[in-house]
Amino acid sequence: MPNKTRKPREKPAPYKQRSETVTKNKDAPATSAKPHKVTTRKNLTLNDWLVVFAYIDTHPHQSQAEIVLHFEKELTGALAFSQSALSRALKRRPELEARIKDKWQLKGGISWRWIQIARTATKLKT
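Structure report, in brief. Remember, predicted model here, so these are calculated numbers, not experimental data.

When its secondary structure is counted, the protein chain shows 4 helices and 0 strands. Listing each helix as α and each strand as β along the protein chain from the N terminus yields α-α-α-α. Per-residue burial over the protein chain gives 14% buried out of 126 residues. Summed over all atoms, the accessible surface of the protein chain reaches about 12,900 Å², with 55% contributed by carbon and sulfur.

Topologically, Arg93 is positioned in helix α4 (residues 93–106). Among the residues examined, Arg93 registers a relative accessible area of 18% and is labelled buried. For Arg93, the residues in contact, after removing those within four places along its chain, are Phe53 and Asp57.

A few words now on the pattern of salt bridges. If you walk through the whole model with that rule in mind, you get 3 salt bridges. A salt bridge links Glu97 to Arg93, with the nearest nitrogen and oxygen atoms 2.9 Å apart. Here Glu97 pairs with Arg93, and both are found in helix α4, just 4 residues apart, close to one helical turn. The class of Glu97 is partly exposed, set by a relative accessible area of 27%. With a shortest N-O distance of 3.0 Å, Arg99 and Glu95 are connected by a salt bridge. Of this pair, Arg99 and Glu95 both sit in helix α4, 4 residues apart, roughly one helical turn. The class for Arg99 is partly exposed, based on a relative accessible area of 37%. Relative accessible area serves as the criterion here: at 44%, Glu95 is assigned to the partly exposed category.

Turning next to the packing of aromatic side chains. Counting across every chain of the model gives 4 aromatic pairs. Residues Tyr55 and Phe71 carry aromatic rings whose centres are separated by 5.2 Å and whose planes lie at 75° to one another, so their mutual orientation is edge-to-face. Separated by 16 residues along the polypeptide, Tyr55 in helix α1 (residues 46–58) and Phe71 in helix α2 (residues 64–72) bring together distant segments of the chain. For the pair formed by Tyr55 and Phe71, the shared burial category is buried. For Phe71, a relative accessible area of 2% gives the class buried. One aromatic cluster in this structure is built from Trp49, Phe53, Tyr55, Phe71 and Phe81.

Basis of the calculations
- Residues numbered from 1 in each chain as written.
- Predicted model: local features only at pLDDT ≥ 70, side-chain atom pairs only at ≥ 80, totals over all residues.
- Heavy atoms only, no water.
- Helix = DSSP H or I, 4+ residues; strand = E, 2+ residues; numbered from the N terminus.
- Buried < 20%, exposed > 50% of the residue type's maximum accessible area, 1.4 Å probe, protein only.
- Areas by Shrake-Rupley, 256 points an atom, 1.4 Å probe, with all protein chains shown as cover.
- Contact = heavy atoms within 4.5 Å.
- Salt bridge = Lys/Arg side-chain N within 4 Å of Asp/Glu carboxyl O.
- Phe/Tyr/Trp six-rings, centres within 6.5 Å; stacked < 30°, edge-to-face > 60°.

As structure tokens, then:
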């Protein structure tokens, strides 16, 4: 029976790791502008989607791409989402609006916060 062993092979060298530094353009003028930070994806809250839906209702002739650009360019409270996320949210719109109605009914329809009643102790005459 022949011996079924592999012939020895060379071990591969470790991969060359890429440097994390960004090369700066030396010909660029000096500026005080801060670079745009790349952050992790942040999900929009239910209230954020309701704001988007209200904007869509008031601007019915805008495309989804224009709506996304409008919310990215807002100076206060810019909402970052993609056109595909907007499309998925529009499909789920009845579910999202029903969720807010359910929360409203659970709270008694008065307020989002619990009402705290301060009770005062009264002294009874004996």
